[in-house]
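Residues per chain, in single letters:
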Amino acid sequence: MQTASNNFTFSPIVKIESSSIQHTIVIIDDDANLTLSIKEKLYNFPEYDFVIEIANDPIEGLELLNILHTEGVIPSIIISDLSMPSMQGDDFLEESMRYFPDAKKILMSGNPNLDAVVHSVNSAHIFRMLTKPIQELEFQLTISQAIKSIELDTQVNELNLKLTHINANLEKIVEEKIYELAEKNQQLTDSIHYAELIQKSVLSSENDFSTDLPNAFTVIFPKDIVSGDFFWYHNDNDYLSYCIADSTGHGVPGAFVSLLAYGALRESFESNKLERDL
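An account of the accompanying structure is given in this report. (Residues numbered from 1 in each chain as written. Predicted model: local features only at pLDDT ≥ 70, side-chain atom pairs only at ≥ 80, totals over all residues. Heavy atoms only, no water.)

Within the fold, Leu82 resides in the loop between β5 (77-81) and α3 (89-96). For Leu82, a relative accessible area of 1% gives the class buried. Along the backbone, Leu82 and Leu107 are 25 residues apart, and their C-alpha atoms lie at a distance of 6.3 Å. (Helix = DSSP H or I, 4+ residues; strand = E, 2+ residues; numbered from the N terminus. Buried < 20%, exposed > 50% of the residue type's maximum accessible area, 1.4 Å probe, protein only.)

Dropping the structure here:
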């Protein structure tokens, strides 16, 4: 076992699943030796493509985060020591939320303060707390899990965007289909109303018997605007003849049959094929 820093204990490297995505990691610690040790160990991760940014002061670290934010660089991980002269690490991580709320925050401390840890959890949503001296195996697993969590979040966000796009397209398709069906339904309804006009113009109406039978009336409630129900009335001065009929079928087919039946009835009567005393 070799010790590169009093705060970092190295042990054999464990093989970790590789990632092809480049990740930026920001390290904030007033111990320059520790930050260099962490940087060295991070570059010894052949499985990952890391860009390491270091600041040895929290104020300098906030300036670094501002620069990264301005340049559009989004850190995957922000590592901060807890006890630093100009600003506590929990306060620094809370400030970092203004720039990179989705970055995984890791807090390090040789003497963890429960209140500071709770503050970090609540305000900065820290991913992990590492106690100094940091064991290399624990460090490797923490970094690996943080990266996997970041990449999983990225995949989830991409899937959500795809689902949102798919849903938007589906909504558009549904709206188009609804409009198309409404348009076809309107065309069909207009055709049926036109058929209703034709039927009414051919069949008998109350006007045909209102003079002869002033107290008579008709009640017809078609199921589908038009129907096969109809009545026939005829006055040849000697007889008042009428007929109430129900043709086979509903809607347009029934209306079509009613016209045939009405025409056949009228033709039969006028050609004296029916008795006069119906």
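In terms of nonpolar packing, the biggest core is built from 21 residues, with Val26, Ile28, Leu65, Ile78, Phe92, Leu93 and Phe100 touching the most fellow members. Of all elements in the fold, only β3 (22-28), α2 (58-71), α3 and α4 (114-124) reach the threshold of two or more residues within this core. The element best represented in this core is α2, accounting for 4 residues. Not counting residues up to four positions away in its chain, the partners in contact with Phe92 are Ile28, Pro58, Gly61, Leu62, Leu65, Ile78, Ser80 and Met87. Among the nonpolar cores identified, the runner-up in size contains 19 residues, and Leu34, Ile38, Ile134 and Ala146 belong to it. (Core = buried A, V, L, I, M, F, W, Y, C linked by side-chain atoms within 4.5 Å. Contact = heavy atoms within 4.5 Å.)

What follows covers α2. Helix length check: α2 (14 residues) gives 20 Å between terminal C-alpha atoms against 20 Å at 1.5 Å per residue, within 8%. Taken together, the buried positions of α2 are Pro58, Gly61, Leu62, Leu64, Leu65 and Leu68. One side of α2 carries all its buried residues, which in axial view fall inside an arc of 160°. Facing away from the buried side of α2 by more than 90 degrees, the exposed set consists of Glu63, Thr70 and Glu71. Backbone nitrogen of Ile59 and a side-chain oxygen of the N-cap are separated by 2.9 Å at the start of α2; the cap is Asp57. (Expected span 1.5 Å × (residues − 1). Arc of directions from axis to C-beta. Polar contact = N/O pair within 3.5 Å; in protein donor to acceptor, adjacent residues only side chain to side chain.)

Turning to the pairing of strand β7 (residues 128-131), a few remarks are in order. Sheet faces and side chains relate simply in a regular strand, where the side chains alternate between the two faces. Here strand β6 (residues 104-109) runs beside β7; their pairing, made up of 4 bridges, is parallel. Bridge assignment links Leu107 to a residue of β7, and that residue is Met129. Tracing the backbone out of β6, into α4 and back to the parallel element β7 gives a crossover that is right-handed. (Pairing = 2+ DSSP bridges. Right-handed = clockwise from strand over helix to strand, strands pointing away.)

Here we take up unusual backbone geometry. Cis geometry is adopted by the peptide bond preceding Pro133, which originates at Lys132 and carries an omega value of -5°. Structurally, Pro133 is set in the loop between β7 and β8 (134-135).

Turning to the sheet that holds β7, a few remarks are in order. Judged by pairing direction, the sheet is parallel, and its 5 strands sit side by side in the order β4-β3-β5-β6-β7 without closing on themselves. In this open sheet, the two strands that pair with only one neighbour each are β4 (49-55) and β7. Taking each pair of neighbouring strands and ignoring which way they run, the sheet shows an average axis angle of 20°. As judged from the 4 bridges shared by β3 and β5, these two strands associate in the parallel manner. When the sheet's bridge partners are listed, Ile25 is paired in β5 with Ile77. Strands β3, β4 and β6 of the sheet are contacted by helix α1 (residues 32-43), whose axis makes an angle of about 175° with β4. Where α3 meets the sheet, it contacts β3, β5 and β6, and its direction lies at approximately 155° from that of β5. (Axes fitted to C-alpha atoms, helices over the stretch in contact; angles between N-to-C directions.)

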